[in-house]
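Geometric and topological summary
Each chain, written out:
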Amino acid sequence: QVQLVESGGGLVQAGGSLRLSCAASGLTFSSYAMGWFRQAPGKEREFVAVIRSGGSTYYADSVKGRFTISRDNAKNTVYLQMNSLKPEDTAVYYCASRTETILVVTTYNGYDYWGQGTQVTVSS
């Protein structure tokens, strides 16, 4: 049974930083692409970042240069370091996994497993 458990969310002032973690179990972690998505109230879930099994990374334009995704295969954990946070980054952040393929997948329906989400609130 695959489980993804996010942690690290919270309340932070604009310009601050947070680091999200997602601990995975029940899958061969090193073989999976791991993504972060977010969903603000009244909006669709949107892609934030993905790190492929080989370590290459891709980001949404809205977070490029501010967020960094990384993974520790020894700990079965993926991270999202978020710097220079803005009020518009406020959302529930979800970790997701998918079997690695040739294509980079940035749509939420392309992911197989999801965590429960962690709230990030950025105050102005």
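Brief notes about the packing of aromatic side chains
A full pass over the atoms with the stated rule returns 5 aromatic pairs. On the basis of an interplanar angle of 75° and a centroid distance of 5.1 Å, the ring pair of Phe37 and Tyr111 is categorised as edge-to-face. Within this pair, whereas Phe37 is found in strand 4 (residues 32–39), its partner Tyr111 is found in the loop between strand 9 (91–99) and strand 10 (113–114), the two being separated by 74 residues in sequence. Grouping residues by exposure puts Phe37 and Tyr111 together as buried. Each residue in the set Phe37, Phe47, Tyr94, Tyr111 and Trp114 is aromatic and connected to the rest through ring pairs, giving one cluster. Over the ring of Phe29 we find Arg71, and its NZ or CZ is 4.6 Å from the ring centre.

So, how was this worked out
Residues numbered from 1 in each chain as written. Predicted model: local features only at pLDDT ≥ 70, side-chain atom pairs only at ≥ 80, totals over all residues. Heavy atoms only, no water. Phe/Tyr/Trp six-rings, centres within 6.5 Å; stacked < 30°, edge-to-face > 60°. Helix = DSSP H or I, 4+ residues; strand = E, 2+ residues; numbered from the N terminus. Buried < 20%, exposed > 50% of the residue type's maximum accessible area, 1.4 Å probe, protein only. Lys NZ or Arg CZ within 6 Å of the ring centre and 35° of its normal.

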